[in-house]
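For reference, the chains in residue letters:
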Amino acid sequence: MAARTPKESRTVITDLVLPSETNPIGNMFGGELLARMDRAASIAARRHSRRIVMTASVNHVAFNKMIPLGSVVTVEAHVSRAFRSSMEVYMDIWIEDRESGLRSKANEGIYTFVAVDEMGNPVSVPELVPETELEKARFEAALRRKQLSLVLAGKMKPNEATELKALFA
């Protein structure tokens, strides 16, 4: 199975925020944004693995800026790290200024997907080889996030979380 790079999984979804997708003060519902993120992330994970993928977890979502009605929203997703059968997908969410067209980062999120066969059993995925400095930073941080998640779920003993211990040693 040949290794892949984050750019090979790059997925960009751009859409407009419509009235039915907003709350009473005219900003996009968080759940609507989460759904768009899930779609973009699942495509990125599928591009990396070339398999059926299932959302395993929503690891992190930061709602830093409100997204007003009529905004053009772009979700950019890349696989940030591949493990045995799971993949972490990092997303940046951008909004465009209606008048200037300038983009600004509004939010970000990290989801985990698992590649499965037709029976729903986990299958191996290709290795990920980061190229840029940002890709390398996200790749390294993904292992710490995974270890923290496993420790909190009781699936890994804290003393086995080598990447986390390195932060405090």
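Right above here is the structure, for reference.
Residues numbered from 1 in each chain as written. Predicted model: local features only at pLDDT ≥ 70, side-chain atom pairs only at ≥ 80, totals over all residues. Heavy atoms only, no water.

A. Looking closely at the sheet that holds strand 4 (residues 86-96). Here we have 5 strands laid out as an open sheet, ordered 1-3-4-5-2, and antiparallel in their pairing. Only two strands of the sheet have a single partner each, and these edge strands are strand 1 (11-16) and strand 2 (52-63). Within this sheet the neighbouring strands show an average axis-to-axis angle of 25°, counted without direction. Of the pairings in the sheet, the one linking strand 1 to strand 3 (residues 72-82) comprises 6 bridges and is antiparallel in character. If you follow T14 over to strand 3, its bridge partner there is T74. Against the sheet, helix 2 (residues 30-49) touches strand 1, strand 2, strand 3, strand 4 and strand 5 (103-116), its axis set at about 45° to strand 3. Contacts between helix 3 (residues 133-152) and the sheet are confined to strand 3, strand 4 and strand 5, with strand 4 contributing the most and set at about 120° to the helix. (Pairing = 2+ DSSP bridges. Helix = DSSP H or I, 4+ residues; strand = E, 2+ residues; numbered from the N terminus. Axes fitted to C-alpha atoms, helices over the stretch in contact; angles between N-to-C directions. Contact = heavy atoms within 4.5 Å.)

B. The arrangement of the pattern of salt bridges in detail. The final tally for this structure, using the stated rule, is 9 salt bridges. Salt-bridge contacts for R145 lead to E88; the nearest nitrogen and oxygen are separated by 2.8 Å. In this pair, R145 sits in helix 3 while E88 sits in strand 4, placing the two residues 57 residues apart along the sequence. Salt bridges linked by common partners bring D92, K105, E108 and R138 together as one network. (Salt bridge = Lys/Arg side-chain N within 4 Å of Asp/Glu carboxyl O.)

C. Local environment of the layout of surface pockets. The computed volume of the largest pocket comes to approximately 410 Å³. Contributions of two or more residues to the lining of the largest pocket are made by strand 2, strand 4 and helix 3. Here the element with the most residues in the lining of the largest pocket is helix 3; it accounts for 6 residues. Partitioning the lining of the largest pocket into residue classes produces 7 nonpolar, 6 polar and 4 charged. Counting only elements with at least two residues in the lining of the second largest pocket, the list comes to strand 3, strand 4 and helix 3. For the lining of the second largest pocket, the element with the most residues is strand 3, which contributes 4 residues. Among the residues making up the lining of the second largest pocket, the classes are represented as 4 nonpolar, 3 polar and 5 charged. (1 Å grid on protein atoms, 1.4 Å probe; cavity = no way out; pocket = protein on both sides within 12 Å on 5 of 7 lines; lining within 4 Å. Points joined across faces, edges and corners; volume = space filled by probe spheres on them. Nonpolar A, V, L, I, M, F, W, Y, C, P; charged D, E, K, R; others polar.)

D. Representation of the environment of S85. Following the sequence through the fold, S85 ends up in the loop between strand 3 and strand 4. In this structure, the C-alpha to C-alpha distance between S85 and I13, residues 72 residues apart in sequence, is 25 Å. Not counting residues within four places of it along the chain, the set of residues in contact with S85 comprises F113, V114, A115, P122, V123, S124 and V125.

E. Inspection of helix 3 at higher detail. Its 20 residues place the ends of helix 3 29 Å apart at the C-alpha level, agreeing with the 28 Å of an ideal helix rising 1.5 Å per residue. Residues E135, R138, F139, A141, A142 and Q147 constitute the buried set of helix 3. Considering only its buried residues, helix 3 is in contact with helix 1 (6-9), strand 3, strand 4, strand 5 and helix 4 (162-168). Remark: G154 follows helix 3 within two positions and exhibits a positive phi of approximately 75°. (Expected span 1.5 Å × (residues − 1). Buried < 20%, exposed > 50% of the residue type's maximum accessible area, 1.4 Å probe, protein only.)

F. Summary view of the pairing of strand 5. For strand 5, the tally of buried residues reaches 11 of 14 residues, placing the bulk of the element in the interior. Relative to strand 5, strand 2 is paired through 10 bridges, and the arrangement is antiparallel. Considered in strand 5, the bridge of V61 is made with G109. Note that strand 4 and strand 5 share 11 bridges and pair antiparallel. Looking at strand 5, one finds that I93 is bridged to N107. Between strand 4 and the antiparallel strand that follows it, strand 5, lie 6 residues; G101 among them carries a positive phi value of about 80°.

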